[in-house]
Amino acid sequence: MAIVGGKALAQRVPVLLSLWLCTHTLPITVDQNNENTTPGEDKLDAPQSANTGLHYDRYLREVIEFLEKDPHFREKLENANMEDIQQGKLAKELDFVHNNLRTKLDELKREEMNRLRILIKAKHDIEAGDGWKVDHQALLRQFEHLNQDNPHSFEPDDLDRLIKSATKDLKHYDQERHDEFKRYEMMKEHERREKLKAMTEEERKKEEEHQQEMKKKHAEHAKVNHPGSEDQLKEVWQESDGLDPDDFDPKTFFKMHDNNGDGFFDENELEALFTKELEKVYDSKNDEDADMVAMEEERLRMREHVMDEVDTNKDRLVSLAEFMAATKKQDFQQKEEWETMEQQNFFTEEELAGYEQQLAREGKMILDQAVELQKQREELQKKQEELNAHKQGLQQAVDELERKKALSKSNSKEPGAMGVGGEPVLSVQPTQAPTLISHL
């Protein structure tokens, strides 16, 4: 993201929407001392940055970071607005990107195409097994961010597709995390009820009392300040930054916690501000407070709340201007305690019943598969025993042939085995000797 400062940069709207979300670390630096260096030739290894959670995250980040190394594209990026990006105008600037970078982007696209093809092949291999089904529409959607008609080179259409796919997918990413947490909560409740069912009435009563006591202890924590409120930020200012809360200055606070110095709070930087509040509720050392999955869901809820209140242009970033404007609103003086998750219900009894039915179906399917696998195992074991017996019979036959061959060689080497004129004399059994002598 551009650093808020000069006139041109100050007018820059956060670009590529959520495409830039969580992808930036420190600003890219170019060695000004090397006059012979062509743009894109030095340091072509893409820097590491935070994971967006998308299945094509690595490809997305590498494309972004390589494009930003081109001076022309970076200039256009700084002057782009949200409408231009959504209409695909920025993607057309790809035609002017330096050839070395275009070559690298071609390579990235080919790697991504191969990765997704391997994924689809693997899923088709799974489909070949009994009882497995694959959502073909879901497979096809894996390619939405790529132009399959041209799998070898990276074109403006590829950048346009990547922008649109990332924007759409990131909009649903938080909801998917909420849904995953709901399933986690339903699983916990299901396991709790199953555990109680297996107990005697006396054991059940004691366990329920214990659970209520743990729940009560978890709820007994210090006041959790409203995320993004003055009290919450002042607490960070005092506890984390070691500064006097009476000297709190929003602009200084923003610059101190804009970790990558890009002039914006991204989602990771915002979430880091809530650690002190979360530590009041969650502590891995205490059994009643040790649910770290719930802690991360709480962090996500806090970040979403602040984004809803402060991120006025809905680009999933908070600029200095947006932050300063929020500190002047009445809500910034919010004194009410934040309602933590133990005060909320995340699912209904109907949803839990449906989830348990799904678990039962999956359990039955797994059991059926286990029975089938056991049958196959027994059949294979039986065939192995038959093969072993056959192998043993063959080995005995070979051993017998070898024994007879050795005996034949031994008899042929005995004295008198050569006849008149050097003709070999066939060996005979002892019972044949009298007949042979009388004949001679």
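Quick note: structure is the one above.
The notes below deal with the structure included here. Each chain has its residues counted from 1, running along the sequence as written. In view of the model being predicted, local features appear only for residues whose pLDDT reaches at least 70, and side-chain atom pairs are presented and counted only at 80 or more, with totals across whole chains, interfaces and linings using the full set of residues. Side-chain measures here rest on the full set of heavy atoms in the structure, leaving out hydrogens and waters.

**A look at the nonpolar core**
Then comes step 1: What makes a nonpolar core is a set of buried Ala, Val, Leu, Ile, Met, Phe, Trp, Tyr and Cys residues whose side-chain atoms join them at distances within 4.5 Å. Buried, partly exposed and exposed residues are distinguished by accessible area as a fraction of the type maximum, computed with a 1.4 Å probe on protein chains only: under 20%, between the cut-offs, and over 50%, respectively. Counting residues in each nonpolar core, the largest one holds 28 residues, and the members touching the most others are Phe253, Phe265, Leu270, Val318 and Phe323.
Then comes step 2: Strands are runs of DSSP state E lasting at least 2 residues, helices are runs of H or I lasting at least 4, and numbering of each runs from the N terminus. Those elements that place two or more of their residues in this core are helix H10 (230-239), helix H11 (250-257), helix H13 (275-281), helix H14 (292-310) and helix H15 (320-327).
Then comes step 3: At six residues, H14 tops the list of elements feeding residues into this core.
Then comes step 4: Only heavy atoms matter for contacts: two residues are in contact if any of them lie within 4.5 Å across the pair. If we skip the residues at most four places from it in the chain, phenylalanine 253 touches Leu233, Val236, Trp237, Asp241, Phe248, Leu273 and Phe323.

**Some details on the pattern of salt bridges**
Then comes step 1: The working definition used for a salt bridge is a side-chain nitrogen of Lys or Arg within 4 Å of a carboxyl oxygen of Asp or Glu. With the rule as written, the count across this model stands at 22 salt bridges.
Then comes step 2: Notably, a salt bridge pairs arginine 193 with glutamate 349, separated by 2.7 Å at the nearest N-O pair. Of this pair, arginine 193 sits in helix H8 (residues 156-197) while glutamate 349 sits in helix H16 (residues 349-412); the two residues are 156 residues apart in sequence, bridging distant segments of the chain.
Then comes step 3: On the basis of relative accessible area, arginine 193 is assigned to the partly exposed category, the value being 27%.
Then comes step 4: Three or more residues joined by partner-sharing salt bridges are found here, namely Asp174, Glu267, Glu271 and Arg303.

**Concerning the environment of arginine 177**
Then comes step 1: One can find arginine 177 in helix H8.
Then comes step 2: Residues arginine 177 and glutamate 297 lie 120 residues apart in sequence; the distance between their C-alpha atoms is 8.1 Å.
Then comes step 3: Dropping the residues within four chain positions of it, arginine 177 is found in contact with Glu296, Glu297, Leu300 and Arg303.

**Brief notes about the packing of aromatic side chains**
Then comes step 1: By convention, a stacked pair of Phe, Tyr or Trp rings (six-membered ring in the case of Trp) has centres within 6.5 Å and planes under 30 degrees apart, an edge-to-face pair has planes over 60 apart, and any other such pair is tilted. Under the definition given, this model contains eight aromatic pairs.
Then comes step 2: Ring geometry for phenylalanine 253 against phenylalanine 323: centres 6.3 Å apart, planes inclined by 10°, an arrangement best described as stacked. In this pair, phenylalanine 253 is assigned in helix H11 and phenylalanine 323 in helix H15, connecting sequence segments 70 residues apart. Here phenylalanine 253 matches phenylalanine 323 in class, with each residue buried.
Then comes step 3: Ring centres of phenylalanine 265 and phenylalanine 323 lie 5.7 Å apart, and the angle between their planes is 80°; this geometry places the pair in the edge-to-face category. Remark: phenylalanine 323 occurs in helix H15 and phenylalanine 265 occurs in strand E1 (residues 264-265); sequence separation between them is 58 residues.

**Quick look at the packing of H10 against H11**
Then comes step 1: A fitted line through C-alpha atoms serves as each axis, taken over the contacting stretch for helices, and the angle formed by two N-to-C directions is quoted from 0 to 180°. Between H10 and H11, whose axes approach to 11 Å, the crossing angle comes to 60°. When the axes of H10 and H11 are compared, the pair comes out oblique. Every pair of crossing elements has a handedness; the one defined by H10 and H11 is left-handed. Here H10 contributes Leu233, Val236 and Trp237 to the contact with H11, which in turn contributes Thr252, Phe253, Met256 and His257.
Then comes step 2: When residues are grouped by polarity, Ala, Val, Leu, Ile, Met, Phe, Trp, Tyr, Cys and Pro land in nonpolar, Asp, Glu, Lys and Arg in charged, and all others, Gly among them, in polar. Among the residues forming the contact of H10 with H11, the class breakdown is five nonpolar, two polar and no charged. Each angle receives one of four descriptions, namely roughly parallel if under 35 degrees, roughly antiparallel if over 145, roughly perpendicular if within 65 to 115, and oblique otherwise. Crossings are assigned a handedness: left-handed for a near helix turned anticlockwise from the far helix by less than a right angle, right-handed for a clockwise turn.

**Some details on the packing of H11 against H15**
Then comes step 1: At a minimum axis distance of 10 Å, the contact between H11 and H15 shows a crossing angle of 140°. In terms of their interaxial angle, H11 and H15 are classed as oblique. For the crossing formed where H11 meets H15, the hand is right-handed. Residues Pro250, Lys251, Phe253 and Phe254 of H11 touch H15, and the partners they reach there are Leu320, Phe323, Met324 and Thr327.

**Overview of H15**
Then comes step 1: Regarding H15, the residues found buried are Leu320, Glu322, Phe323, Ala326 and Thr327. Seen along its axis, H15 keeps its buried residues to an arc of 165°; they face one direction.
Then comes step 2: Buried residues belonging to H15 abut H10, H11, E1, H14 and strand E2 (318-319). The directions considered for the arc run from the helix axis to the C-beta atoms.

**Some details on the side chain of histidine 218**
Then comes step 1: Among the structural elements, histidine 218 can be located in helix H9 (residues 201-219).
Then comes step 2: When sequence neighbours within four positions are dropped, the list of residues in contact with histidine 218 reads Val281, Tyr282, Glu288, Asp289 and Glu342.

Geometry only, nothing functional implied.
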